[in-house]
Amino acid sequence: MNVSQSSLIDNSLDNPLAKTLRNDICQGAKSLSLDLSETQADLLTRYVLLLDKWNKAYNLTAIRNPGEMVFRHIIDSLSIVPHISGDTILDVGSGPGLPGVVLAIIYPGKKFTTLDSNGKKTRFMLQAKLDLQLDNLEVANARVESFKVEEPFDAITSRAFSSLVNMVDGTKHLLSPSGVYLAMKGLYPEEELKELMDRHEIELVGCEPLNVPGTEGDRHLVILRNRH
């Protein structure tokens, strides 16, 4: 990032709300044992401010308070950072970019594609890509079943996207044979896993509890792969 771009970011964050959000993001990340760079902290803060601005007009998320967005959306998305693998990642049902846009900020060397069928949400993600200069992010407006790619992805992430069976049914043509599914869930999805194992050649790699500061309720990351 050159000097002029960096100064633009700094100027846009020079207000009390932005400083509070940035501090909460850094502290939340630190509680997850993540040390954000200055640029990452700035970009995540600008993303929250942009989401808050668009949300007033387009109802992109039920969370109205930007301070609450930090923990419910940003820190929640950051909780799966240690589990991201591979060079190409697809985020399905991405909504306004969660966790896809957040992960693209954290991993500038990896290529992310965010997919959602809602035009308002994909337009917002395109604006975020432009404003935050995320060259490693592609945004697709399509239903997952009809989405086609030349090369399958190394990993597919999802957050609050349908059931595990529906996720696998809709995306199996998009995952490389050695790829992994990373599905963010609330309570341990015992019934969903049982149904999935009964119907698909899928194996459970692990179901990791996620400790997300500033949020209530259980959080889990379900890691799946094709059975070989």
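Residues numbered from 1 in each chain as written. Predicted model: local features only at pLDDT ≥ 70, side-chain atom pairs only at ≥ 80, totals over all residues. Heavy atoms only, no water.

The next subject is the overall build of the chain. Along the chain, the regular secondary structure elements total eight helices and seven strands. What you see for the chain is a C-alpha radius of gyration of 17 Å, in line with the 17 Å of a compact globule of 228 residues. Principal-axis analysis of the C-alpha atoms places the extent of the chain at approximately 55 × 35 × 30 Å. Split into buried and exposed, the 228 residues of the chain put 50% on the buried side. (Helix = DSSP H or I, 4+ residues; strand = E, 2+ residues; numbered from the N terminus. Rg over C-alpha atoms; globule rule 2.2 N^0.38 Å. Buried < 20%, exposed > 50% of the residue type's maximum accessible area, 1.4 Å probe, protein only.)

Once that is clear, we can look at the pattern of salt bridges. A side chain of one charge can pair with a side chain of the opposite charge when the charged atoms of the two come close. Inspection of every chain in the model, using the stated rule, returns 15 salt bridges. For the salt bridge of Arg-22 with Asp-42, the shortest nitrogen-to-oxygen distance reads 2.7 Å. With Arg-22 in helix α2 (residues 16-31) and Asp-42 in helix α3 (residues 38-58), this residue pair connects regions lying 20 residues apart in the sequence. Overall, Asp-42 belongs to the buried group, its relative accessible area being 8%. For Glu-201, the salt bridge identified is with Arg-227, shortest N-O distance 3.7 Å. On the criterion of sequence distance, the pair formed by Glu-201 in the loop between α8 (190-199) and β6 (202-209) and Arg-227 in the segment after β7 (220-226) is long-range, its members being 26 residues apart. (Salt bridge = Lys/Arg side-chain N within 4 Å of Asp/Glu carboxyl O.)

Read across the open sheet, the seven strands follow the order β3-β2-β1-β4-β5-β7-β6; overall the sheet is mixed. In this open sheet, the two edge strands, each paired with only one partner strand, are β3 (137-141) and β6. Taken pair by pair, the neighbouring strands of this sheet meet at an average axis angle of 20 degrees, ignoring direction. Set on the sheet, helix α4 (residues 66-78) makes contact with β4 (153-159) and β5 (175-185); between it and β4 the angle comes to about 150 degrees. Across the sheet, α8 is in contact with β5, β6 and β7; its angle to β6 comes to roughly 165 degrees. (Pairing = 2+ DSSP bridges. Axes fitted to C-alpha atoms, helices over the stretch in contact; angles between N-to-C directions. Contact = heavy atoms within 4.5 Å.)

This part covers the confidence of the model for the chain. With 95% of its residues at a pLDDT of 70 or more, the chain shows a mean pLDDT of 93. Note on residues 1-10: pLDDT under 50 across the span, and eight contacts to partners over four residues away in sequence or across chains. (pLDDT = per-residue confidence, 0-100.)

With that out of the way, let us pick up the packing of aromatic side chains. Across all of its chains, the model carries three aromatic pairs by this definition. Relative to Tyr-58, the ring of Trp-54 lies with its centre 5.1 Å away and its plane at 40 degrees, an arrangement referred to as tilted. With Trp-54 and Tyr-58 both in helix α3, this residue pair falls four residues apart, about one helical turn. According to the relative accessible area criterion, Tyr-58 is partly exposed, its value standing at 36%. The interplanar angle of 65 degrees and the centroid separation of 5.5 Å between the aromatic rings of Trp-54 and Phe-124 together place this pair among those described as edge-to-face. Here Trp-54, found in helix α3, pairs with Phe-124, found in helix α6 (residues 119-131); they are 70 residues apart in sequence, far enough to count as distant. (Phe/Tyr/Trp six-rings, centres within 6.5 Å; stacked < 30°, edge-to-face > 60°.)

Turning to the environment of Asp-87, a few remarks are in order. By secondary structure assignment, the location of Asp-87 is in the loop between α4 and β1 (88-92). Note: C-alpha distance between Asp-87 and Phe-153 (66 residues apart in sequence) is 8.2 Å.

Turning our attention to the environment of Pro-16. Mapped onto the elements, Pro-16 comes out in helix α2. Residue classification places Pro-16 among the exposed positions, given a relative accessible area of 65%. Distance from Pro-16 to Ser-178, taken between C-alpha atoms, is 46 Å for residues 162 residues apart in sequence.

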